[in-house]
Amino acid sequence: MKGRKTMDFMLSRATRVTAQWASAPVQHAVARFWRDMEMTLSTTGFVPDNRLMICLAPALPPESYTLDVTENQLTLCAADDLGAVYGLLDISRHYLGVAPFWFWNQQQFEPKPFATVPEGRITGPAAAVGLRGWDLSDAPWLSAWADATENGWEMIFESLLRYRGNMVRTDKQADLAAAMGLRPVQNPQTPLGAAPQQAAAENPEERHKIWQDSIRTLKTSPRIWALGIDGMGGDPDGTASTAALQEQWQLLNATVPGAAAYILLQGETVALYQEGKLKIPDSVIPVLTPAPSASSAGGPGPGAQHGLWFSLCRRDKLTGNPMTAYPGGDTAVNGMLQGAWRGGVRSFWMVGTGDLRPSLMELNLTGALWCTPDTDCAAQRTAYLRCTYRAPDGWALTDSALEDLSVCLRARAESAVQAGSPPQPVGEAFLTRSTRLFASAWLCGKTQGPIQELAALLPAESYAEQLAAYQQLCTSALENYETLLPGCSYAGRATTPLWQEQVVFSVRLYLYALRGAVRFCTAREQFLDKDWQNCFCTLGRAADDFGAMAALLQPKTGFWVGFCSDTMLDGALTARVLTGLMAIPRAAGDGPDYAAWQAPLPGAPAAPVPDFTLYRALVQAETKKV
């Protein structure tokens with residue numbers, strides 16, 4: 001109607017926030033919302049008699065909310081605690097401009113007098129996946145950082161809530177997580193939160209008592225209960241395992257009616273389950289972990305209750321990526337999760353975050369997918385880049401600049417080494433550990449047969465064939481990364497140092513490892529050609545490469561100082577092994593007097609100098625010649 005007065009709601013620092021109930025999650029959410037307003041709104045805006053009212057509306061679906069706007073009141077009706085939490089966080093995100101990873105990406109705010117919420121009704125439906133959360137139990141650097149940082153754990157849990165997570169697996173601060181609205185998830189290795197069951201496996205009465213006592217101890221606080229059959233080995237037809245699960249569920253349901261429970265299927269239990277021999281109670285969610293190379297997790301079909309537990313951080317010794325991003329990038333994550341959804345995996349998604357820092361973009365995608373499974377991966381990536389990376393003057397990046405950043409991220413995922421059959425992208429652990437395995441075999445003189453630990457990823461008949469395959473994989477990836485590094489650095493010219501600290505950092509880390517691996521392979525060739533001195537110097541350069549990789553993880557300034565200072569870095573260990581290996585070519589070419597190589601150097605002492613000191617002097621002399 002012409003001339004009609006607008007009824008938009010003006011959110012300001014003067015807005016009063018009240019709630020009809022005062023549960024711990026709601027109190028935490030209101031306090032967090034006030035902090036967000038203090039970060040984003042100035043004290044110059046003032047609207048009298050203006051309030052945000054949080055009302056309980058049990059008729060709404062669980063974890064949902066509605067938002068109704070009138071001129072002087074913003075009414076948030078929520079079905080439960082999490083509905084209210086998500087509603088406040090959505091207001092913060094959409095109208096105050098606080099991004100889910102604002103803390104981790106060091107988002108800068110320019111306070112404004114008001115934030116306008118448009119007139120009408122806004123609905124916040126429940127997420128598509130029933131139980132969704134992060135596994136923080138395998139995050140040593142993140143955990144140590146959070147312990148030493150004020151509000152560190154609170155910021156971790158807040159980020160999960162901003163993505164509409166509702167459960168968390170953590171070995172620390174579970175009470176805080178519950179107070180903020182998240183449901184702690186029991187360790188899958190300790191069924192019902194009880195002690196390991198192996199000792200009681202053959203004593204049903206003792207096992208029954210252990211389970212019952214644990215349930216009684218833990219029943220008062222909300223949680224996702226774990227069922228399990230540890231210690232039930234030697235059960236080829238699944239009869240004993242099925243009986244144990246039924247017993248656990250009956251005990252749990254008798255004490256905590258309607259409890260949410262799952263069982264993580266691994267090892268032999270997967271085959272029993274898939275063959276139909278392991279019978280799981282109908283109300284218990286069977287959860288599977290996808291193979292590292294799987295494009296989807298599969299499932300029992302639409303409508304069946306099923307779950308997925310996967311990690312963005314692999315910590316295994318040969319394909320792990322604890323320090324770099326998920327090797328397949330967001331495209332691989334998208335394919336796996338959308339495939340799982342199509343296969344009926346819709347009840348439980350647990351995402352291993354690793355140390356969080358390398359996985360922010362992929363976690364952003366998983367948070368979108370568990371709410372809206374048909375999310376477009378490329379559009380989500382662009383939206384994340386647009387929100388996270390700004391021009392140095394604070395303005396939004398152009399579409400062209402955003403596309404340059406997106407191309408870099410795609411290229412990073414596509415350039416990682418792919419090993420095994422079928423080939424799968426592998427993390428930096430493949431480069432550090434494989435190099436150490438080859439170096440150790442060389443040191444010990446075990447260079448006839450192949451290294452068995454590498455057989456699955458580098459199948460070969462001999463050490464030489466295996467090393468040649470390794471060299472080919474690393475050389476191909478190195479060529480791509482040598483181009484990728486300057487490309488990523490150039491693409492980041494239009495944005496703030498955050499791009500350099502996050503993306504260029506991870507590219508440089510992987511590149512250093514690749515350089516070290518290729519140089520090691522070259523040194524082996526030089527050794528076989530009896531080119532002793534060049535072999536000696538090439539090994540020194542390889543050690544320098546892995547040392548530079550380790551040094552990258554020890555920033556002297558900035559937000560992440562000390563993040564991994566107490567951890568033995570894989571790159572540093574590899575550098576140490578290669579430094580020790582330098583003794584072999586020196587012995588072959590400079591022994592037994594160890595003086596010939598240093599004699600031509602200016603100011604060389606008469607006594608033999610240590611290997612690495614000699615290497616430095618030889619490289620310096622060669623550089624001066626050039």
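What you see is a predicted model, and the numbers here were worked out from it, not measured in a lab.

Caption draft 1: Region of interest: the nonpolar core. Residues W104, W134, F157, Y470, W499 and F520 are the most contacted members of the largest nonpolar core, which totals 153 residues. Here this core takes 18 residues from helix α15 (residues 497-528), the largest share from any one element. For W499, the residues in contact, after removing those within four places along its chain, are L385, Y389, L405, C408, L409, C488, G492 and V504.

Caption draft 2: Representation of the sheet that holds strand β4 (residues 65-69) within the structure. With mixed pairing, the five strands of this open sheet are ordered in space as β2-β3-β5-β4-β7. Edge positions in the sheet fall to β2 (16-19) and β7 (120-124), since each has one partner strand and no second. Strand after strand, the sheet turns through a mean of 15° between neighbouring axes, direction not considered. Across six bridges, strand β3 (residues 51-56) lies against strand β5 (residues 73-78) in parallel orientation. Counted as the bridge partner of M53 is T75 from β5. Contacting β2 and β3, helix α1 (residues 24-40) runs over the sheet at an angle of about 170° to β2. In this fold helix α2 (residues 81-96) packs onto β3, β4, β5 and β7, with an angle of close to 135° to the strand it touches most, β5.

Caption draft 3: Examining the environment of M323 more closely. Within the secondary structure, M323 is located in the loop between β14 (307-311) and α9 (329-342). In this structure, the C-alpha to C-alpha distance between M323 and G427, residues 104 residues apart in sequence, is 8.4 Å. Among residues more than four places away in sequence, those in contact with M323 are W141, P358, E428, F505, L509, M549, L553 and D570.

Caption draft 4: Quick look at the sheet that holds strand β15 (residues 348-352). Strand order in the open sheet formed by eight strands is β10-β9-β8-β15-β14-β13-β12-β11, and the pairing between neighbours is parallel. Edge positions in the sheet fall to β10 (183-184) and β11 (225-227), since each of these pairs with one other strand and no more. Bridging between strand β9 (residues 167-169) and β10 involves two bridges; their strand directions are parallel. Following the sheet pairing, V168 is matched in β10 by P184.

Rules and cut-offs
- Residues numbered from 1 in each chain as written.
- Predicted model: local features only at pLDDT ≥ 70, side-chain atom pairs only at ≥ 80, totals over all residues.
- Heavy atoms only, no water.
- Core = buried A, V, L, I, M, F, W, Y, C linked by side-chain atoms within 4.5 Å.
- Buried < 20%, exposed > 50% of the residue type's maximum accessible area, 1.4 Å probe, protein only.
- Helix = DSSP H or I, 4+ residues; strand = E, 2+ residues; numbered from the N terminus.
- Contact = heavy atoms within 4.5 Å.
- Pairing = 2+ DSSP bridges.
- Axes fitted to C-alpha atoms, helices over the stretch in contact; angles between N-to-C directions.

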